[in-house]
Amino acid sequence: MTSLEKYNPKNDRDYSDPYIDKEEWREEPIRHKYVHGGFHGTTVKFALYFPEKEAYKNRFFQRLAPVQGDEDAAQYFENGAEIAFAISVGSYFVESNMGGFSPDPSLIWKASAQVAEYSKVVSERLYGKHRTYGYVYGGSGGSFKTLGCITHTENVWDGAVPIVSGSNAAMPNNFTVRVHVKRILENKLPSIVDAIEPGSTHAMEDGLTGEEKEALNELIHMGFPPKTIFALDLIGSGALPVLAPAIGMMDPSYYSDFWNVPGYLGYDKAGSAYKARAQFPTKIKAVHFPSVDQQISAESFSGIDDAWKSLLKDLGNNNHLQLEAYPEAPAYIGEGAVLKIQSGAAEGEMVPIGSFKDAILSVGASLDQPALLETLAKLSIGDDVVLDNSDYLASQTYHRHNLPPFDDGHTPWNELFRDAQGNPKYPQRNLPFSVTAGLMRGSGGVTDPGDFQCKTIIVGCLMDESAFPWQQDWNRQKIESKHSDDTNRLWYVENAMHGDAENEYDKLHVVSYMEVVNQALLDLSDWVESGTVPAESFSYTIEKGQVVFPERANKRKGLQPSIHLTADGSKRAEISVNQPVKLVAEIELPEGTGELLYAAFDLDQSGAFSTPAELVFLNDTKTLAKVGITHAYPESGTYFPVLLVQSGREGERTHPFVRIKNLARVRVVVSD
């Protein structure tokens, strides 16, 4: 199917027999009618959540999870916050399993469209005949699916909100570069993080070797936000352990070439990759098979950042193998490495490693989980095996050898990996297809978004470690190049990372972006239904892979307040024990996007923000304010006071789901 061959769900007789197997009123997370069902003769299931009739506003919000397979995923995530938001603003909420796991990506948009259309039938039964407006949204892999759905269908949805959406070259490259850097710079990260924090007295590059400087430059120039380096240990490998085997399947000779062909990092026998390589033979000492009675809670893999972990759900919580021997210093045998089976019933097959410590190996996720379960069932005590991290190490520089087309808007790749004449600096795979584009299409996405008619609001995050911020602009440029009228917005969120869980990361560095997503859904609805034009797109430029933007909110636009915070007039204050430091901030909100509502300091690194700060307004619209406090520290040390600010469209009546946040940090050095 090409992008011009639109799918009309009303013409597909394969979905002519829907059923409902549960319909009931529920009180949690908010009173609603729950309707569950599917389509006979298919694998498609759905869950619908309807508000009471007097609250209904003739619209629905449809969530597309990053990974298909669970129509009830939203129930388990953040205590059903997305459901509660939709119901509280008079919309019904739609989710499906998108047909479950399938090698055919068209099932994603077919299933999603069929569920959307049938939800309208149910809504007419509940509320009477009416025009139902529909809005589809999703983050990360769900954003690929969102763009895929509105591209491949017609007359299903009226608008879309793609969230933290990578480009068509994002997978696996955004993961490979950060995992490579984490290995190279592991012992230097504390110094680099300190250099990035406000008020630092040294540069990130100080004390780095040539290879380390090259790796750091590659990471940042490709688009990884420097402010997010503090979280490299927290974010780990992401989905790369799952994607790495896919590289080998789609490009079978790559892993061999990496170690044997000049121009690849692994060919250098004195290089860091070769030194980190491990191929350790041993035997299986004990086997603990997966148990369906010990399934992982769905709550643990329903968010944007960890949805890929749903692939683990059939393994159980206590799956592991015990080996007879193991390397004394297995520094890089762990998540991403594999156990190669050398004898027994599973000879020739591989088991992905989730973790490895003291001869105990937990099993990792696989894109082909049924086949993995079959392999595990064949394992026996005494089987010969090899612990091998060769392929995983090789995957970490794949981004150098599979460059996007020169003219496809991937400027950072061109700047980093091509010479002045535009020729690649490293050997290229020269495949008849792009592995990166294949991974995107396989997840339901489109490699050239914009061939659709509905309005869109893109939400991106300026500390996004998995969908680099400039890639939101890549999507924006693609969409707007195909539309002559005003149909798209891009709103960046400062100090927000990829994951959508409220407390997923350090609250002293990161704010949630879901409040911006929720406001985007409301503003998109108003744009479509009443013609109310939303706030302007964020204002920015892109320089060497980084999104550069004005400090002040009225110049940068979007929805978020800006904060200019100082300690004794600077980003760094040096004081003595019990000497007061003056913390002052000027806060600005783009005009027309609401009011400043709340400010509070965290002074002790607890994340509690237990010191309220009074907003002193400097204009009548309550979009410009100052706050100021003094504080003395009783002990010496380095402190990072943080100011948290909230804004809202309806003043103090603003619903918690749309109170938009930002924060700012300064450094205070206290000496005896």
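Residues numbered from 1 in each chain as written. Predicted model: local features only at pLDDT ≥ 70, side-chain atom pairs only at ≥ 80, totals over all residues. Heavy atoms only, no water.

Enquirer: Can you walk me through the pairing of strand E3 (residues 45-50) in this structure?
Expert: Successive residues of a regular strand alternate their side chains across the two faces of the sheet. Taking burial as the measure, the six residues of E3 include five buried ones, the bulk of the element. In this structure, strand E2 (residues 32-39) lies alongside E3, joined through six bridges in antiparallel fashion. By the bridge assignment for E3, lysine 33 is matched with phenylalanine 50. Connecting E2 to the next strand, E3, in antiparallel fashion are five residues, including glycine 41 with a positive phi near 80°. Bridge analysis of E3 against strand E5 (residues 92-96) gives four bridges, and the strand direction is antiparallel. Residue pairing for E5: phenylalanine 46 is matched across the bridge by serine 96. (Buried < 20%, exposed > 50% of the residue type's maximum accessible area, 1.4 Å probe, protein only. Helix = DSSP H or I, 4+ residues; strand = E, 2+ residues; numbered from the N terminus. Pairing = 2+ DSSP bridges.)

Enquirer: Just to check I follow, could you spell out the nonpolar core for this structure?
Expert: Nonpolar side chains in soluble globular proteins tend to be buried together. Ranked by size, the top nonpolar core spans 77 residues in total, and within it Leu48, Ile150, Trp157, Leu185, Leu216, Ile229 and Met497 carry the most contacts. The element best represented in this core is helix H3 (residues 106-127), accounting for 10 residues. Listed in part, the 34 residues of the second largest apolar core include Tyr135, Trp491, Leu521 and Trp527. (Core = buried A, V, L, I, M, F, W, Y, C linked by side-chain atoms within 4.5 Å.)

Enquirer: Would you explain the sheet that holds strand E25 (residues 637-639) in this entry?
Expert: Paired through their backbone hydrogen bonds, the strands of a sheet run either parallel or antiparallel. Strand order in the open sheet made by the three strands is E19-E28-E25, with mixed pairing throughout. Strands with a single pairing partner mark the edges of an open sheet, and in this sheet they are strand E19 (572-576) and E25. If you compare each strand with its neighbour and ignore which way they point, the axes differ by 20° on average. Sheet analysis places E25 next to strand E28 (residues 667-671), joined by three bridges and oriented antiparallel. Considered in E28, the bridge of tyrosine 639 is made with valine 668. (Axes fitted to C-alpha atoms, helices over the stretch in contact; angles between N-to-C directions.)

Enquirer: Explanation requested: helix H2 (residues 81-88) in the structure shown.
Expert: Think of an α-helix as turning once every 3.6 residues; residues three or four places apart then point the same way. The buried fraction of H2 amounts to six of the eight residues, a majority that puts the element mostly inside the structure. What H2 keeps buried is the set Glu82, Ile83, Ala84, Phe85, Ala86 and Ile87. Glycine 90 occupies a position one or two residues after H2 and carries a positive phi of about 80°.

Enquirer: It is not clear to me how the sheet that holds strand E21 (residues 595-602) should be interpreted in this structure. Could you clarify?
Expert: Taken in spatial order, the four strands line up as E22-E21-E26-E27 in an open sheet, and their pairing is antiparallel. Each edge of the sheet is formed by a strand with only one pairing partner; in this case those strands are strand E22 (611-612) and strand E27 (660-665).

Enquirer: Explain the pattern of salt bridges here, please?
Expert: A side chain of one charge can pair with a side chain of the opposite charge when the charged atoms of the two come close. Counting across every chain of the model gives 34 salt bridges. The salt bridge involving aspartate 384 is made with lysine 283; its shortest N-O contact spans 2.5 Å. One end of the pair, aspartate 384, is in strand E13 (residues 384-388); the other, lysine 283, is in strand E8 (residues 279-288), and 101 residues separate them in sequence. The class of aspartate 384 is partly exposed, set by a relative accessible area of 30%. (Salt bridge = Lys/Arg side-chain N within 4 Å of Asp/Glu carboxyl O.)

Enquirer: Whenever I open this one, the packing of aromatic side chains confuses me. Can you help?
Expert: The geometry of an aromatic ring pair is captured by the separation of the ring centres together with the interplanar angle, meaning the angle of the planes. Scanning the entire structure with this criterion turns up 28 aromatic pairs. Ring geometry for phenylalanine 538 against phenylalanine 549: centres 5.6 Å apart, planes inclined by 65°, an arrangement best described as edge-to-face. Residue phenylalanine 538 is located in the loop between helix H17 (514-530) and strand E16 (541-543), and its partner phenylalanine 549 is located in the loop between strand E17 (546-548) and helix H18 (553-556); the two are separated by 11 residues in the primary sequence. Judged by its relative accessible area of 3%, phenylalanine 538 is buried. (Phe/Tyr/Trp six-rings, centres within 6.5 Å; stacked < 30°, edge-to-face > 60°.)

Enquirer: Whenever I open this one, the confidence of the model for the protein confuses me. Can you help?
Expert: Residues shown with low pLDDT carry predicted positions that ought not to be read at fine detail. For the protein, the mean per-residue pLDDT works out to 92, and 94% of the residues sit at or above 70. Counted against residues more than four places away or in other chains, residues 292-300, with its pLDDT under 50, gives 16 contacts. Confidence drops under a pLDDT of 50 for residues 308-316, and excluding neighbours within four residues, the segment shows 39 contacts in the predicted structure. (pLDDT = per-residue confidence, 0-100. Contact = heavy atoms within 4.5 Å.)

Enquirer: Help me out: how do you make sense of the packing of H3 against helix H4 (residues 141-152) in this one?
Expert: Geometrically, a packed helix pair is captured by the angle between its two axes and the distance between the axes. Viewed as axis vectors pointing N to C, H3 and H4 meet at an angle of 75°, and their least axial separation amounts to 9 Å. Classified by the angle their axes make, H3 and H4 are roughly perpendicular. Of the residues in H4, those in contact with Ile108, Trp109 and Ser112 of H3 are Lys145, Gly148, Cys149 and His152. For the contact of H3 with H4, the residue count by class is three nonpolar, three polar and one charged. (Parallel < 35°, antiparallel > 145°, perpendicular 65-115°, else oblique. Nonpolar A, V, L, I, M, F, W, Y, C, P; charged D, E, K, R; others polar.)

Enquirer: Would you explain unusual backbone geometry in this entry?
Expert: Negative phi is the rule for most residues except glycine; trans is the rule for most peptide bonds. Backbone torsion omega between glutamate 28 and proline 29 reads 0°, so that peptide bond is classified as cis. By the secondary structure assignment, proline 29 is in the loop between strand E1 (18-26) and E2. The phi angle at methionine 98 is positive, at roughly 55°, despite the residue not being glycine. Positionally, methionine 98 belongs in the loop between E5 and H3. When its relative accessible area of 1% is taken as the criterion, methionine 98 is described as buried. The residue valine 164 is not glycine, and still its phi comes out positive at about 40°. By the secondary structure assignment, valine 164 is in the loop between strand E7 (159-163) and helix H5 (173-185).

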